[in-house]
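The primary structure of each chain is shown beneath.
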Amino acid sequence: QQQVKQSPQSLIVQKGGISIINCAYENTAFDYFPWYQQFPGKGPALLIAIRPDVSEKKEGRFTISFNKSAKQFSLHIMDSQPGDSATYFCAASMDNAGNMLTFGGGTRLMVKP
Amino acid sequence: GAVVSQHPSRVICKSGTSVKIECRSLDFQATTMFWYRQFPKQSLMLMATSNEGSKATYEQGVEKDKFLINHASLTLSTLTVTSAHPEDSSFYICSGAGAFNEQFFGPGTRLTVL
């Protein structure tokens with residue numbers, strides 16, 4: 001059973017636009033929600049992460065919005081650039097699960113010049 | 001962020017041979033390390049969790065006798081694919097767990113079994 005559902009599977013955005021990727025989770029015990037960026041042939045890199053005690057976290061052009069009641073969280077990439085073209089994974093984990101991450105299915109983002 | 005290295009980055013081997021992949025946490029101590037497998041255009045699939053000095057915990061469907069994991073120190077874990085076959089060809093990625101739930105991933109190893 002997939003515990004973290006991610007959408008869309010693929011996304012095309014014009015340069016300068018906003019990229020929005022959504023994730024929904026089922027397990028209310030999750031308490032850590034990271035986003036990873038992966039370029040082809042490379043390992044995932046931690047982009048930004050949030051815990052349920054805040055509803056939003058911003059780091060540069062990247063923002064996580066978190067809705068605890070809806071069990072949803074999203075990644076917003078402002079002023080998207082061609083260099084942002086990559087695959088993005090949301091994930092979730094819980095403190096008492098030894099850091100084990102449950103990944104979403106991934107979103108392939110293409111930012112057109 | 002913390003740095004995790006993997007070696008080799010790419011390996012091609014003949015069917016029936018064994019391949020060892022090393023995963024090192026360079027600037028932090030990773031009590032727990034994870035091994036993932038990733039097929040093209042798919043998400044990461046957790047294979048096993050290893051804790052320093054103890055036996056690895058394998059996910060359902062992962063053969064522990066085929067994918068041998070050793071976590072001998074807080075900075076080194078190894079994955080050995082024994083008697084590799086073409087269906088084992090994949091992208092293998094390790095990660096080390098930091099102090100606050102973060103996982104830091106290695107750059108991955110592309111295994112091709114001929």
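Relevant structure appears above.
Note that this is a predicted model, so its numbers are computed, not measured.

1. Observations regarding the overall build of chain B
- Looking only at helices and strands, chain B has zero helices and eleven strands in total.
- Along chain B, helices (α) and strands (β) appear in the sequence β-β-β-β-β-β-β-β-β-β-β when read from the amino end.
- Computed over the C-alpha atoms, the radius of gyration of chain B is 13 Å, within 12% of the 13 Å expected from 2.2 N^0.38 for a compact globule of 114 residues.
- Its C-alpha atoms give chain B principal-axis dimensions of about 40 × 25 × 20 Å.
- In chain B, the share of contacts with a sequence separation of at least 24, taken over all contacts with a separation of at least 6, comes to 54%.
- When the accessible area of chain B is evaluated, it comes to approximately 5,600 Å², of which 52% is carbon and sulfur surface.
- Taking the average location of the 10 positive side-chain charges in chain B and that of its 9 negative ones, the two points are 8 Å from each other.

2. Notes on unusual backbone geometry
- Residue A:Pro8 is reached from A:Ser7 by a cis peptide bond, and omega for that bond is -5°.
- Along the chain, A:Pro8 turns up in the loop between strand E1 (4-7) and strand E2 (10-14).
- Here the bond from B:His7 into B:Pro8 is cis, since omega is 0°, no more than 30 degrees from zero.
- A positive phi angle, close to 60°, is found at B:Lys41, a residue other than glycine.
- Among the secondary structure elements, B:Lys41 is positioned in the loop between strand E4 (32-38) and strand E5 (45-51).

3. Remarks on the sheet that holds strand E3 (residues 19-25) of chain A
Residues and elements named next belong to chain A.
- Pairing is antiparallel across the open sheet formed by five strands, whose spatial order is E1-E3-E8-E7-E6. Only two strands of the sheet have a single partner each, and these edge strands are E1 and strand E6 (56-59). The average undirected angle you get between the axes of adjacent strands in this sheet is 15°.

4. A closer look at the sheet that holds strand E7 (residues 67-73) of chain B
All names here are of chain B.
- Taken together, four strands build an open sheet; the order of strands is E1-E3-E8-E7 and the sheet is antiparallel. Here the strands that pair on one side only, and so sit at the sheet edges, are strand E1 (4-7) and E7. Shown here is a sheet whose adjacent strand axes are inclined to one another by a mean of 15°, direction ignored.
- Where E1 meets strand E3 (residues 19-25), four bridges bridge the pair, whose relative direction is antiparallel. Bridging from a neighbouring strand, serine 5 pairs with arginine 24 of E3.

5. Thoughts on a nonpolar patch on the surface
- Together, A:Ile18, A:Ile20 and A:Met78 line one region of the surface with nonpolar side chains, adding up to about 240 Å² of accessible area.
- With respect to the secondary-structure elements, A:Met78 resides in the loop between strand E8 (72-77) and strand E9 (86-92).

6. Considerations on the packing of aromatic side chains
Residues and elements named next belong to chain A.
- Inspection of the entire model under this criterion finds 17 aromatic pairs over all chains.
- When the centroid spacing of 6.2 Å and the interplanar angle of 15° are considered together, the rings of tyrosine 25 and phenylalanine 66 count as stacked. Here tyrosine 25 is found in strand E3, whereas its partner phenylalanine 66 is found in strand E7 (residues 62-67), with 41 residues between them in sequence.
- Accessibility expressed as a relative area gives 5% for tyrosine 25, which makes it buried.
- By relative accessible area, which is 7% here, phenylalanine 66 ends up buried.
- With centroids separated by 6.2 Å and ring planes inclined at 85°, the aromatic side chains of phenylalanine 89 and phenylalanine 103 adopt a geometry described as edge-to-face. Residue phenylalanine 89 is located in strand E9, and its partner phenylalanine 103 is located in strand E10 (residues 102-103); the two are separated by 14 residues in the primary sequence.
- Taking relative accessible area as the criterion, phenylalanine 103 reaches 10% and is therefore assigned buried.
- Site record: aromatic cluster; members linked through ring pairs are Tyr25, Phe30, Phe33, Trp35, Phe66 and Phe73.

Quick notes on the rules
- Position numbers for residues count from 1 along each chain, tracking the sequence in the order it is written.
- In the order they appear in the text, chains get letters beginning with A and ligands get numbers beginning with 1.
- Thresholds applied to this predicted model are a pLDDT of at least 70 for local features of residues and 80 or more for the giving and counting of side-chain atom pairs; totals over whole chains, interfaces and linings are not thresholded and use all residues.
- Values shown for side chains rest on all heavy atoms present in the structure; no hydrogens or waters enter the calculation.
- Helix and strand definitions here come from DSSP, where helices need a minimum of 4 consecutive H or I residues and strands a minimum of 2 consecutive E residues; each element is numbered from the N-terminal end.
- The size measure is the radius of gyration over C-alpha atoms, and the globule rule it meets is 2.2 Å times the number of residues to the 0.38 power.
- In what follows, residue pairs with any heavy atoms lying within 4.5 Å of each other are defined as contacts.
- Exposure was quantified through the Shrake-Rupley algorithm and a 1.4 Å probe, taking into account, for residues, occlusion by the shown protein chains and nothing else.
- In summary, the charge assignment counts Lys and Arg as positive and Asp and Glu as negative, without counting His or the chain termini.
- Note on charges: their place is set at NZ of Lys, CZ of Arg, CG of Asp or CD of Glu.
- Here the rule is simple: two strands pair whenever DSSP picks up at least two bridges between them.
- To get an axis, fit a line to the C-alpha atoms, keeping to the stretch in contact for a helix; angles then go from 0 to 180 degrees between the N-to-C directions.
- A patch consists of residues exposed above 30% relative accessible area that lack any salt bridge, with like charges linked at up to 9 Å and nonpolar side chains (Val, Leu, Ile, Met, Phe, Trp, Tyr) linked at up to 5 Å.
- We count a salt bridge whenever a side-chain nitrogen from Lys or Arg sits within 4 Å of a carboxyl oxygen from Asp or Glu.
- Between rings of Phe, Tyr and Trp, where Trp is taken as its six-membered ring, a pair exists when centres lie within 6.5 Å; planes separated by under 30 degrees are stacked, by over 60 edge-to-face, and by other angles tilted.
- Remark: exposure states derive from per-residue accessible area (1.4 Å probe, protein chains only) relative to the maximum for the residue type, with buried under 20%, exposed over 50%, and partly exposed in between.

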